[in-house]
Amino acid sequence: MSNVTVMDHPLIQHKIGIIRRTDTGSKDFRQMISEIAMLMCYEATRDLKLQDVEIETPICTTTVKELQGKKLAVVPILRAGLGMVDGMLSMIPAAKVGHIGLYRDPETLEPVEYYCKLPADSAEREVFVVDPMLATGGSSVAAIQLLKDKGVQNIRFMCIIAAPEGVKRMQKEHPDVDIYIGGLDERLNDHGYIVPGLGDAGDRIFGTK
Ligand code: PRP
Ligand code: URA
């Protein structure tokens, strides 16, 4: 069963309080999403594997640590996931970035795929899928399946707000994928929105609607 980590860092909790507020405008909303992604990235990469390498300092030869294997890849689920990319890259500047375009059909709540472009060597990388919202789980389950179908094996999922229904579905469909959550909310409403949530993340980031 996948590990589920709910972030308890005070800075993350404080910033989530700001994005939930109706009176937070797009400029501040975007800024907060980016900062939360950066802090979550720091926490979610604690267990990355290191290897010893011998280097020269100006004084002598010594052994230092460096990340093992290929650098990571970040894959936002469009659109709202785009808001998390800068924050992730500020922690891992060498990461490659792929994009998966999915939107939720407002009637059926089922994800509809419209775009997919991944780094050529994704299958050899640890891939962080990012999306601010995990509601029914339809979008994240579909995005991760798409990655698996292309041979990606090491996948983690990071979201800022999650509903218990979505977490349960992710654990059922992708038990091998660890999940990192900023705030775990109460439930979904009849329209598939997270309660208390923050409304429509894509619209709030991009100022649409
Ligand atoms: C939102 C959100 C997730 C999805 C979550 O995207 O960013 O991708 O809904 O819901 P789910 O867990 O029930 O699938 P949306 O479909 O609104 O598209 P957008 O990012 O383009 O606004
Ligand atoms: N997508 C969002 O942007 N918000 C929700 O509450 C649910 C899905």
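Residues numbered from 1 in each chain as written. Chains lettered and ligands numbered in written order. Predicted model: local features only at pLDDT ≥ 70, side-chain atom pairs only at ≥ 80, totals over all residues. Heavy atoms only, no water.

(A) Molecular detail of the environment of Val127. Among the structural elements, Val127 can be located in strand β8 (residues 126–130). Setting aside its immediate chain neighbours within four residues, Val127 contacts Ala73, Val75, Ser122, Leu147, Val152, Asn154, Ile155 and Arg156. (Helix = DSSP H or I, 4+ residues; strand = E, 2+ residues; numbered from the N terminus. Contact = heavy atoms within 4.5 Å.)

(B) Main features of the site of ligand 2. All residues adjacent to ligand 2 are Arg104, Met133, Ala135, Gly192, Tyr193, Ile194, Gly199, Asp200 and Ala201. Contact between ligand 2 and Ile194: an oxygen atom at 2.8 Å from a main-chain N or O atom of the residue. Between ligand 2 and Ala201 there is a distance of 2.8 Å, counted from an oxygen atom to a backbone nitrogen or oxygen. Starting from 240 Å² of accessible surface for ligand 2 in isolation, the protein chains cover 89%. Of the residues belonging to the shell around ligand 2, the class tally is 5 nonpolar, 2 polar and 2 charged. (Near = heavy atom within 4 Å. Polar contact = N/O pair within 3.5 Å; in protein donor to acceptor, adjacent residues only side chain to side chain. Areas by Shrake-Rupley, 256 points an atom, 1.4 Å probe, with all protein chains shown as cover. Nonpolar A, V, L, I, M, F, W, Y, C, P; charged D, E, K, R; others polar.)

(C) Up close: the site of ligand 1. Arg104, Asp131, Thr136, Gly137 and Ser139 are the nearest of the 15 residues found near ligand 1. Gly137 is positioned with one of its backbone polar atoms (N or O) 2.8 Å from an oxygen atom of ligand 1. Ser139 is positioned such that a nitrogen or oxygen atom in its side chain is 2.6 Å from an oxygen atom of ligand 1. Out of a free accessible area of 500 Å², ligand 1 has 91% covered by protein chains. Contributing elements (two or more residues each) for the shell around ligand 1: β6 (99–104), β9 (133–134) and α4 (138–149). Of the residues belonging to the shell around ligand 1, the class tally is 6 nonpolar, 5 polar and 4 charged.

(D) Region of interest: the pairing of strand β3 (residues 61–67). The pairing of strand β2 (residues 50–56) with β3 spans 7 bridges and is classified as antiparallel. In the strand pairing of β3, Gln51 is matched with Glu66. Hairpin connection, β2 to β3: the antiparallel pair is bridged by 4 residues. (Pairing = 2+ DSSP bridges.)

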